[in-house]
Amino acid sequence: MGTRLGWLEIGLAILPFWPGLGLAVWAGGLLAVWVRRGRVLLRQRETWWWLGLAGLLGVSALQSPDVPGALLGLGNFLPFFAFFLAVREQMTPAQRQTWVRIMGGTAILVAGMGVAQSYGGQATVTLCGLEMNWHPRIPGRVDSIFSDANVMASYCVMLLPVQVGLALHAPANTRQRWGWAGAAGLTLWALLLTRSLNGLAVVGLLSMGVSVLHRRYGLAGLIGLLGLGIIGAGLDWPGWRAVIPELLWGRVPKYALGQAEDLRTVQWQLAWAWFWQRPGWGWGLRYFPTLYQQSTQSWVGHPHNFWVMLLVETGVAVTGLLTVLVGRVVWQGWGYWRTSKDWCYGGMWLGFVGITCFHGLDVTLFDGRVNGLAWLLLAGLTHDPKVATGD
């Protein structure tokens, strides 16, 4: 892609710190790509599948009791469809490596800020529009430059595999490998400090899967034993809290004893009933909070599961087609990674799978940084040489 997508690298470097500016750079570059190569893109069958999905989303929005709100919600989807199609169309392995290095490097800064935040303080520092609160918004849970600890956790879940992939891609026993390994350790530390059980579980499952894939069964067993220990300590099994740090199990009792406000299971039960009232087109994007507030007199922004949210708000057709289109890329990517054994590619694949799994218990795509990086990872999984040349 050379200089033709220089805007993408610039926006990628800016995005975590100044999301508005980073997304604006991407929007400008994206518009230029579609103006220059729109005819080529429209000749590709893949483009028409995504245009069909966009049309279904539009129909769903028009069926909503709150049409303006639903149309506004399209902003979390349609621009990123266009972004994915434009970026994947010109994919090269060299460009992929450039992206992961930028992502891995900026993650060092984000994770470092989170770790520094854990040391306390009450100051708020603003630099060129970037606001850094040295006191977490939720006591005991770092959030770095994000508005919420869970959003920070989802960012770490995406970028930790990317950094691990860079470490394993580098030659053995080199400064480059040890440097990226240290970066991954810093990001893991930041993830632990968010105290996100969801993030911890996703990283644990990915680690076990990769260990089994590479026949490191002992390591997989140790990770599984640690997971069991976290559950045991959280449930106060005799002796477990003496060996498992409170940082890992401290939030388990809140959920195990049913003390969490607005439990996910309650949200999902209500969502299932609402889905069956309008299974075809749903209630419209952004309408779940209204339904939930009307039923419980309590407000939540989403049902803490991406597919539950889609089913309720957009219906079966949109949810099914989006899952198939994304799932096909992921499945093909899995086959390519197993054949190529390219850890640079594998890190991106694991990063996207990680954020997808994270969305099974939370939805953080409303943060433009998380959403944009996820779509970039998905675009990076393209490996078909016909796509890379635009044929």
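Residues numbered from 1 in each chain as written. Predicted model: local features only at pLDDT ≥ 70, side-chain atom pairs only at ≥ 80, totals over all residues. Heavy atoms only, no water.

Enquirer: Report on the overall build of the protein chain, specifying residues and quantitative values.
Expert: In terms of regular secondary structure, the protein chain is built from 18 helices and 2 strands. Over its C-alpha trace the protein chain gives a radius of gyration of 21 Å, about what one expects of a compact globule, namely 21 Å for 391 residues. In the protein chain, buried positions account for 50% of the 391 residues. Just so you have it, the protein chain exposes about 17,800 Å², and 66% of that area is on carbon and sulfur atoms. If you average the places of the 27 positive and of the 17 negative side-chain charges in the protein chain, the two averages end up 10 Å apart. (Helix = DSSP H or I, 4+ residues; strand = E, 2+ residues; numbered from the N terminus. Rg over C-alpha atoms; globule rule 2.2 N^0.38 Å. Buried < 20%, exposed > 50% of the residue type's maximum accessible area, 1.4 Å probe, protein only. Areas by Shrake-Rupley, 256 points an atom, 1.4 Å probe, with all protein chains shown as cover. Lys, Arg positive; Asp, Glu negative; His and termini not counted. Charge placed at Lys NZ, Arg CZ, Asp CG, Glu CD.)

Enquirer: Which residues make up the environment of P303, and what are the values?
Expert: Relative to the helices and strands, P303 resides in the loop between helix 14 (288-296) and helix 15 (306-340). Residues P303 and W268 lie 35 residues apart in sequence; the distance between their C-alpha atoms is 6.6 Å.

Enquirer: Account for helix 7 (residues 149-169), with residues named and values stated.
Expert: The terminal C-alpha atoms of helix 7, which comprises 21 residues, lie 30 Å apart, in line with the 30 Å expected from a rise of 1.5 Å per residue. Counting buried residues in helix 7 gives 18 out of 21 residues, a clear majority hidden from the surface. For helix 7, the side-chain oxygen to backbone nitrogen distance between the N-cap and N150 is 2.7 Å, and the N-cap itself is D148. (Expected span 1.5 Å × (residues − 1). Polar contact = N/O pair within 3.5 Å; in protein donor to acceptor, adjacent residues only side chain to side chain.)

Enquirer: So what about the nonpolar core? Which residues, and what values?
Expert: Across soluble globular proteins, nonpolar side chains show a tendency to be buried alongside one another. Of all hydrophobic cores here, the largest spans 90 residues; its most connected members are W50 and M103. Ranked by residues supplied to this core, first place goes to helix 7 with 12 residues. Apart from residues lying up to four places away in sequence, M103 is in contact with L12, Y155, L159, M348, L373, L376 and L377. The next biggest cluster of nonpolar side chains, apart from the first, holds 10 residues, and it includes A271, F275, Y292 and V312. (Core = buried A, V, L, I, M, F, W, Y, C linked by side-chain atoms within 4.5 Å. Contact = heavy atoms within 4.5 Å.)

Enquirer: Tell me about the packing of aromatic side chains, and please be specific about residues and values.
Expert: In total, this model carries 22 aromatic pairs according to the counting rule given. Judged by centre distance (5.6 Å) and plane angle (65°), the ring pair of F81 and W375 falls under edge-to-face. Here W375 lies in helix 17 (residues 368-380) and F81 lies in helix 5 (residues 78-88), a separation of 294 residues in the sequence. With respect to burial, F81 and W375 carry one shared label: buried. Feature note: the residues W50, F77, F81, F84 and W375 constitute an aromatic cluster, connected by ring pairs. Across from the ring centre of W283, 5.0 Å away, lies the NZ or CZ of R278, which sits over that ring. (Phe/Tyr/Trp six-rings, centres within 6.5 Å; stacked < 30°, edge-to-face > 60°. Lys NZ or Arg CZ within 6 Å of the ring centre and 35° of its normal.)

Enquirer: Which residues make up helix 8 (residues 175-194), and what are the values?
Expert: In an α-helix, one turn spans 3.6 residues; hence positions three or four apart end up facing the same way. Here helix 8 spans 29 Å end to end across 20 residues, near enough to the 28 Å set by a 1.5 Å rise per residue. The elements touched by buried residues of helix 8 are helix 6 (93-117), helix 7, helix 9 (197-213) and helix 11 (246-249).

Enquirer: For a nonpolar patch on the surface, give the residues involved together with the corresponding values.
Expert: There is a patch of nonpolar side chains on the surface, built from L219, L222, L225, L228, I231, L235 and W237 and spanning about 640 Å² of accessible area. Within the secondary structure layout, I231 lies in helix 10 (residues 217-234). (Patch = residues over 30% accessible without salt bridge, like charges linked within 9 Å, V, L, I, M, F, W, Y side chains within 5 Å. Salt bridge = Lys/Arg side-chain N within 4 Å of Asp/Glu carboxyl O.)

Enquirer: Before we move on, could you go through the side chain of R141 and cite the residues and values that matter?
Expert: Of note, R141 is situated in the loop between strand 2 (130-133) and helix 7. One polar contact links R141 to N150, side chain to side chain, over a distance of 2.8 Å. Not counting chain neighbours up to four residues away, the residues in contact with R141 comprise P136, A149, N150, L193, T194, R195, S196 and R251.

Enquirer: Report on the confidence of the model for the protein chain, specifying residues and quantitative values.
Expert: Looking at the protein chain, pLDDT values average 89 and 91% of them are 70 or higher. Taken as a whole, residues 385-391 scores under 50 in pLDDT and shows 14 contacts with residues more than four places along the chain or in a different chain. (pLDDT = per-residue confidence, 0-100.)

Enquirer: Break down the environment of V151 for me, citing the residues and quoting the values.
Expert: Mapped onto the secondary structure, V151 falls in helix 7. Judged by its relative accessible area of 10%, V151 falls in the buried class. Along the sequence, V151 and E313 sit 162 residues apart, while their C-alpha atoms lie 22 Å from each other. Once residues lying within four places of it in the same chain are set aside, the contact partners of V151 are F146, T364, D367 and V370.

Enquirer: Before we move on, could you go through the pattern of salt bridges and cite the residues and values that matter?
Expert: Pairs can form between side chains of opposite charge whenever their charged atoms are close. By the definition in use, this model includes 4 salt bridges. We note a salt bridge from R195 to E246, for which the minimum N-O separation is 2.9 Å. Remark: E246 occurs in helix 11 and R195 occurs in the loop between helix 8 and helix 9; sequence separation between them is 51 residues. Among the salt bridges present, the one from D236 reaches R241, with a minimum N-O distance of 3.6 Å.

Enquirer: Describe the state of the cysteines, listing the residues and the values that go with them.
Expert: All chains considered together, the criterion is met by 0 disulfides. Here C156 is not cross-linked by a disulfide; its sulfur's nearest cysteine counterpart is in C357, at 16 Å. No disulfide involves C344; its nearest neighbouring cysteine sulfur is the one of C156, lying 20 Å away. (Disulfide = S-S within 2.5 Å.)

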